Amino acid sequence: MRYQSTRGNSPQQSFLEILLGGLAPDGGLYLPVEYPQVSPAQLDSWRSLTYADLAYEVLSLYCDDIPEEDLRALLRKTYTEQVYCNGRKADNAKDISPLHWLGEEGGTRLGLLSLSNGPTLAFKDMAMQLLGNLFEYALKRSGQKLNILGATSGDTGSAAEYAMRGKEGVNVFMLSPRGKMSAFQSAQMYSLQDPNIFNLAVAGVFDDCQDIVKAVSNDHVFKVKYRIGTVNSINWGRVVAQVVYYFQGYLLATQSSSEKVSFTVPSGNFGNICAGHIARMMGLPIAHLVAATNENDVLNEFFSTGVYRARKSAETLHTSSPSMDISKASNFERFVFDLVGKDGAQTAAMFKQVDTAGGFDISQELIFQEMGQYGFQSGRSTHQNRLDTIRNVDQQYNIMIDTHTADGVKVARDYLEPGIPMIVLETALPIKFEETIEIALGRPAECPEAFKDIKSKPQRVENIDADVNQVKTFLATHLD
Ligand SMILES: *Cc1c(COP(=O)(O)O)cnc(C)c1O
């Protein structure tokens with residue numbers, strides 16, 4: 001499989017060639033030149049597979065430069081009960097991503113796809129754990145080393161650290177805003193003692209951390225000299241790994257490939273739902289893909305009006321579903337590329353306009369009138385909706401959900417169609433956002449046994465100013 005840039009002006013590359021990089025040289029994002037197709041018969045033949053072997057069927061369509069037996073071994077090593085059953089209740093304990101039906105609503109079944117029982121209790125582990133193993137594999141093959149520099153407001157950083165800890169050839173330097181993450185999130189990251197993981201607590205906010213990463217990445221000489229890489233949400237390996245659980249969710253919800261299913265996805269950077277779009281383009285019978293946003297509703301605005309307007313930092317709200325607090329959706333360009341008929345020049349022009357004018361407006365264009373063929377719907381949830389939904393799901397179904405998943409359930413309920421099961425992707429466990437759960441329910445969030453003492457573990461973190469040069473000096477003195 002060859003990969004092309006969404007801006008149409010970079011050479012095509014293979015899976016392993018794009019795995020360790022970020023943006024394409026022309027500033028675009030990589031996508032396969034075509035989406036491999038899965039027939040209904042093929043889909044039905046995957047019903048009895050384990051998650052790891054289903055992942056093999058899907059991923060082998062995308063990474064033909066990894067020998068079959070290596071890929072299968074990597075996937076079986078990644079998707080194990082040990083790694084993915086941390087917080088799991090007794091039912092379906094062995095499954096990597098079980099489906100829990102909540103019940104009947106609006107003439108159909110409403111369910112949650114569990115994706116948050118990996119090491120950091122958020123769905124990002126589903127892809128990031130695989131990325132860790134793929135990175136180690138690729139670096140070993142090429143005899144290279146990589147130093148990952150990232151910025152996090154919580155979930156991405158911890159998922160990356162737990163994926164890369166102890167991996168050969170990889171160091172992780174993660175910037176986080178000092179004192180701005182939940183106590184649980186900082187404890188998760190800072191309690192890691194692995195010598196290849198470095199936590200840098202920056203005196204500043206998340207945007208300061210991100211600006212530092214950008215400044216270092218833009219220093220080409222430094223970047224090459226110190227082999228700096230990233231694992232942010234535009235990484236193709238992360239997106240494609242996420243495609244797998246849409247197949248899994250579909251297979252668990254249906255008996256035959258003649259049935260349709262809809263998914264609602266709590267969305268921020270459009271990475272998760274982009275994987276759903278790709279699954280649908282491959283032929284998975286998805287009726288609708290519902291993007292659920294919080295108050296930072298860039299995506300809901302686009303799908304309902306045809307206007308894409310990136311927000312300024314000052315306009316970006318800090319909400320109680322913080323992992324969806326985005327000012328622009330960094331993976332959205334992948335969908336736009338498909339929407340404009342894979343026209344790289346047009347995509348480039350549209351995203352230049354995002355940089356210069358803050359957005360674009362396709363409301364009067366034919367592509368917007370015809371967008372229905374892609375199955376997207378969208379909605380928005382607020383702090384009050386979130387609290388209400390956490391409360392009524394708890395009362396109605398005796399299930400505690402996290403704030404992001406609650407945004408999903410809230411919006412899903414507005415789009416239920418009789419006879420078409422609606423699956424909401426569970427993106428984190430409630431304990432990660434325990435402060436809000438306590439407010440909603442008046443009792444503490446459930447905490448999986450393995451995490452009960454996390455806040456009392458010794459922490460390993462370096463304090464640093466919001467200063468690019470200090471970060472560069474730290475990097476230069478801590479690399480091997
Ligand atoms: C990252 C994250 C999201 C948003 O996912 P995107 O791929 O950025 O759309 C939603 N919920 C949680 C809990 C997350 O960690």
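Residues numbered from 1 in each chain as written. Predicted model: local features only at pLDDT ≥ 70, side-chain atom pairs only at ≥ 80, totals over all residues. Heavy atoms only, no water.

Undergrad: I tried to follow the site of the ligand on my own but got confused; where do I start?
TA: K124, D155, G268, N269 and N272 are the nearest of the 15 residues found near the ligand. Here an oxygen atom of the ligand sits 2.5 Å away from a polar atom, N or O, in the side chain of D155. Backbone polar atom of G271 to an oxygen atom of the ligand: 3.2 Å apart, as the coordinates give it. Computed on the free molecule, the ligand has an accessible area of 390 Å², of which 96% lies beneath the protein chains in the complex. Residues that form the shell around the ligand fall into these classes: 5 nonpolar, 8 polar and 2 charged. (Near = heavy atom within 4 Å. Polar contact = N/O pair within 3.5 Å; in protein donor to acceptor, adjacent residues only side chain to side chain. Areas by Shrake-Rupley, 256 points an atom, 1.4 Å probe, with all protein chains shown as cover. Nonpolar A, V, L, I, M, F, W, Y, C, P; charged D, E, K, R; others polar.)

Undergrad: Whenever I open this one, the pattern of salt bridges confuses me. Can you help?
TA: Where charged atoms of side chains with opposite charge meet at close range, the side chains can pair. The tally for this structure, following the rule as stated, stands at 22 salt bridges. Notably, a salt bridge pairs E333 with R7, separated by 2.9 Å at the nearest N-O pair. Placement of the pair is E333 in helix α14 (residues 332–339) and R7 in the loop between β1 (3–5) and α1 (15–19), with a sequence separation of 326 residues. Neither residue differs from the other here; E333 and R7 are each classed as buried. We note a salt bridge from R165 to D194, for which the minimum N-O separation is 3.1 Å. Residue R165 is located in the loop between α7 (155–164) and β6 (170–177), and its partner D194 is located in the loop between α8 (183–190) and β7 (197–203); the two are separated by 29 residues in the primary sequence. Residues participating in the shared-partner salt-bridge network are D297, E301, R309, R311, E315 and R380. (Salt bridge = Lys/Arg side-chain N within 4 Å of Asp/Glu carboxyl O. Helix = DSSP H or I, 4+ residues; strand = E, 2+ residues; numbered from the N terminus. Buried < 20%, exposed > 50% of the residue type's maximum accessible area, 1.4 Å probe, protein only.)

Undergrad: Any chance you could explain the nonpolar core here in plain terms?
TA: Considering soluble globular proteins, one finds that nonpolar side chains tend to be buried as a cluster. Within the largest apolar cluster, 141 residues are counted, with the highest numbers of intra-cluster contacts made by Y79, F247 and F332. The element best represented in this core is helix α11 (residues 236–253), accounting for 12 residues. Once residues within four sequence positions are removed from consideration, F247 is found in contact with V38, L43, W46, L54, V58, A279, M282 and L284. Ranked by size, the runner-up nonpolar core spans 18 residues in total, among them L149, L175, V202 and Y226. (Core = buried A, V, L, I, M, F, W, Y, C linked by side-chain atoms within 4.5 Å. Contact = heavy atoms within 4.5 Å.)

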